[in-house]
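Each chain is listed here by its residues.
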Amino acid sequence: GNYVYYGVREFGMTAIANGVALHGGFIPYDATFLVFSDYARNAVRMSALIPAHAIHVYTHDSIGLGEDGPTHQPVEHLASLRYIPNNQVWRPCDAVESAVSWKVAIERKGHPACLVFSRQNLKHQQRSAEQVADIARGGYVLSDPADTKFQAILIATGSEVELAMEAMRTLAQQGVAVRVVSMPCTEAFDAQPQAYREAVLPGWCRARVAVEAATADFWHKYVGLDGEVVGMHSFGASAPAPQLFEHFGFTVSHVVDAVKRVVD
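This text gives an overview of the structure that appears in the document. (Residues numbered from 1 in each chain as written. Predicted model: local features only at pLDDT ≥ 70, side-chain atom pairs only at ≥ 80, totals over all residues. Heavy atoms only, no water.)

Brief notes about the sheet that holds strand β9 (residues 228-232)
Alright, step 1. In space, the five strands of this open sheet follow the order β5-β7-β6-β8-β9, with mixed pairing throughout. Two strands close off the open sheet at either side, each with one partner strand: β5 (140-143) and β9. Taking the axes of each pair of neighbouring strands and ignoring which way they run, one obtains an average angle of 25 degrees across the sheet.
Alright, step 2. Against the sheet, helix α11 (residues 252-263) makes contact with β6 (152-156), β7 (178-182), β8 (208-215) and β9, and its axis sits at roughly 150 degrees relative to β9, the strand it touches most. (Pairing = 2+ DSSP bridges. Helix = DSSP H or I, 4+ residues; strand = E, 2+ residues; numbered from the N terminus. Axes fitted to C-alpha atoms, helices over the stretch in contact; angles between N-to-C directions. Contact = heavy atoms within 4.5 Å.)

Set out below in structure tokens:
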């Protein structure tokens, strides 16, 4: 009695979730692949417009979907959902960020949220208690050099956070100190006080690279015109996920080269 099976009916599913939320008594969530949020979009928009406290869960969130090919690999969908006013989009990088995003979505009464999850397994990231608390702010410093002096900032979400961490470790071996910022929810981060945002993304550091396996243009609001984005500039392709990430440049060497360019 806990689930409703809709079949291939994303719009109806999401619209009914809105109705359940407005009726009260339950906090409904619906779930489908991220690429199929296109079919649900009008109802997702209405969640934010009404607003309704519905939680929209999306999985298989990038080209990491693999062999199903570009029809099933979301590219522009994250940016599209982020541009809906009053709608928080969370793309967590591991189980800890996932738990925090669920908590925030439940506690943010009267407003919708989209929780976006990866198909592939993601490594757990080490954090202090303070860092765990800062996840709810939408963006936080995941890693800093030991002396806290950095030359560039890497910003990443979801499955690309581990890639950013690996690139940071490689760069450290080459004498380039990098801060890594995990930003699971840009809307929550943008709503933080200016002092907090400045502490995470200080204005003096213009050497910035964003990494996300989705459309690249969205991230220039954070990296500026002189920063770089390791992202998608086309649709995906059909191949195993590791081959796709290699083909589209989501590799340690590619991110390292991007950081070196913005530092120089």
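From this point on, the discussion continues.
Some thoughts on helix α1 (residues 10-23)
Alright, step 1. Along its 14 residues, α1 runs 20 Å from first to last C-alpha, staying within 8% of the 20 Å computed at 1.5 Å per residue.
Alright, step 2. When α1 is considered as a whole, its buried residues turn out to be E10, G12, M13, T14, A17, N18 and A21.
Alright, step 3. Buried residues along α1 sit in contact with β1 (29-33), α2 (37-49) and β2 (55-59).
Alright, step 4. Positioned one or two residues after α1, G24 has a phi angle of 90 degrees, which is positive. (Expected span 1.5 Å × (residues − 1). Buried < 20%, exposed > 50% of the residue type's maximum accessible area, 1.4 Å probe, protein only.)

Regarding the packing of α1 against α2
Alright, step 1. Remark: α1 packs on α2, axes separated minimally by 7 Å, with the N-to-C direction vectors making an angle of 15 degrees. One finds that α1 runs roughly parallel with respect to α2. Crossing of α1 against α2: the hand is right-handed. Facing α1, whose interface residues are E10, F11, T14, A15 and N18, α2 presents Y39, A40, N42, A43, V44, M46 and S47.
Alright, step 2. Partitioning the contact of α1 with α2 into residue classes produces seven nonpolar, four polar and one charged. (Parallel < 35°, antiparallel > 145°, perpendicular 65-115°, else oblique. Left-handed = near helix turned anticlockwise from the far one by under 90°. Nonpolar A, V, L, I, M, F, W, Y, C, P; charged D, E, K, R; others polar.)

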